[in-house]
Amino acid sequence: MYRKMKSLAKVWQIMPGLFAIAALLGGIDVQAVASESTYAVAEVQLVEKPVEHAVLLGNAQNGRLRKKMLTGPTELVVSVVNDTCLVGYSIASTEDVDEKQYVKVWIAEESNPIKLLVGVARVVLLPGKILKDGPPQGEDIIEVYEVRDVIEDASIHGKKIDKICLPVEYRHHFERSEPMPNAKAYVYLEEEISERISSEMSIVDDFGVHRLTCQPTKKFMQTLSKYELHD
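Residues numbered from 1 in each chain as written. Predicted model: local features only at pLDDT ≥ 70, side-chain atom pairs only at ≥ 80, totals over all residues. Heavy atoms only, no water.

### With respect to the overall build of the protein chain
Here's step 1: Check the secondary structure of the protein chain and you find one helix and 15 strands.
Here's step 2: Counting every position in the protein chain, which comprises 231 residues, the buried fraction comes to 52%.
Here's step 3: Restricting to contacts in the protein chain with at least 6 residues of sequence separation, those with at least 24 account for 70%.
Here's step 4: Of the roughly 11,300 Å² of accessible surface on the protein chain, a fraction of 48% belongs to carbon and sulfur atoms. (Helix = DSSP H or I, 4+ residues; strand = E, 2+ residues; numbered from the N terminus. Buried < 20%, exposed > 50% of the residue type's maximum accessible area, 1.4 Å probe, protein only. Contact = heavy atoms within 4.5 Å. Areas by Shrake-Rupley, 256 points an atom, 1.4 Å probe, with all protein chains shown as cover.)

As structure tokens, this is what we get:
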């Protein structure tokens, strides 16, 4: 996955100006939480060449690998400080329609844990980079994530927890990604945005280069200090 991304990024460096890149994050208000662990969430409204592709995807609860058909990109999760991003693809179907589980999360080391009831994974996030005239800035993300809805109301510092992103194993042809022992997890938190803007973005991920039209949402993604899975 990452060899392909780096190769495509090098091609981009010798083809400046191929796509027009607008500022996606200008209208997003993440207040004091902006840091390397904070990502703005955007909805993908239009894809120049949509992807539909089968991969093997692990389950965060039991690690079991299953064949999943991914379509998209459908959303984009963008770092507020560099060119790192996660590219969201919808899981076209799931046989685990009734599967639910509890996840205990800590927003910081000294915080009290919060127990979340979550549903099935319906989106997967793949590591990506935003493409500009120069080389992308920021360290590569090396994990793939399943995204699960938080079913019961829960909040952190008054911000509603909407979804949780858990690291999982991913296989696509000869590419393979397994979560590291210290892999981070994330939550989507609800937060107002100052204005809604539509932006043209170009990104690269395991499926190649994509030209997208995006719309910011009223959500941002924040890293967790720790998480535990429970039955």
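### Thoughts on the packing of aromatic side chains
Here's step 1: Enumeration over the complete set of coordinates arrives at three aromatic pairs.
Here's step 2: Their ring planes at 85 degrees and their centres at 5.9 Å tell us that tyrosine 39 and tyrosine 186 sit as a pair that is edge-to-face. Residue tyrosine 39 is located in strand 1 (residues 38-47), and its partner tyrosine 186 is located in strand 12 (residues 186-190); the two are separated by 147 residues in the primary sequence. An identical accessibility class is assigned to tyrosine 39 and tyrosine 186; each is buried.
Here's step 3: Measuring from ring centre to ring centre gives 5.5 Å for tyrosine 145 and tyrosine 186, while their planes differ by 80 degrees; the resulting arrangement is edge-to-face. (Phe/Tyr/Trp six-rings, centres within 6.5 Å; stacked < 30°, edge-to-face > 60°.)

### What about the environment of aspartate 162?
Here's step 1: Within the secondary structure, aspartate 162 is located in strand 9 (residues 159-168).
Here's step 2: Accessibility expressed as a relative area gives 17% for aspartate 162, which makes it buried.
Here's step 3: Distance from aspartate 162 to phenylalanine 220, taken between C-alpha atoms, is 9.7 Å for residues 58 residues apart in sequence.
Here's step 4: With sequence-adjacent residues up to four places away left out, aspartate 162 is seen in contact with Asp149, Val150, Tyr188, Glu190 and Lys219.

### Remarks on the nonpolar core
Here's step 1: Ranked by internal contacts, the top residues of the largest apolar core, which has 41 residues, are Leu76, Tyr89, Leu116, Ile161, Ile164 and Phe207.
Here's step 2: For this core, the element with the highest residue contribution is strand 6 (residues 114-130), accounting for six residues.
Here's step 3: Judged by nonpolar contacts, the second largest core, of 13 residues, contains Tyr39, Val77, Ile141 and Tyr188. (Core = buried A, V, L, I, M, F, W, Y, C linked by side-chain atoms within 4.5 Å.)

### Focus: the pattern of salt bridges
Here's step 1: The final tally for this structure, using the stated rule, is 10 salt bridges.
Here's step 2: Close ionic contact of aspartate 140 with lysine 129 constitutes a salt bridge, the shortest N to O distance being 3.4 Å. Separated by 11 residues along the polypeptide, aspartate 140 in the loop between strand 6 and strand 7 (144-150) and lysine 129 in strand 6 bring together distant segments of the chain.
Here's step 3: The residue arginine 171 makes a salt bridge to glutamate 169 at a minimum N-O spacing of 2.9 Å.
Here's step 4: A relative accessible area of 14% means that glutamate 169 is categorised as buried.
Here's step 5: What emerges from the salt-bridge pattern is a single network uniting Glu169, Arg171, Arg176 and Glu178. (Salt bridge = Lys/Arg side-chain N within 4 Å of Asp/Glu carboxyl O.)

### Observations regarding the pairing of strand 3 (residues 66-79)
Here's step 1: Here strand 3 lies mainly inside the structure; 10 of its 14 residues are buried.
Here's step 2: With seven bridges joining them, strand 2 (residues 51-57) and strand 3 adopt antiparallel strand pairing. Its bridge partner lying in strand 3, histidine 53 is registered against leucine 70.
Here's step 3: With six bridges joining them, strand 3 and strand 4 (residues 84-91) adopt antiparallel strand pairing. Bridge pairing in strand 4 links leucine 70 to isoleucine 91.
Here's step 4: Linking strand 3 to strand 4, which pair antiparallel, is a turn of four residues. (Pairing = 2+ DSSP bridges.)

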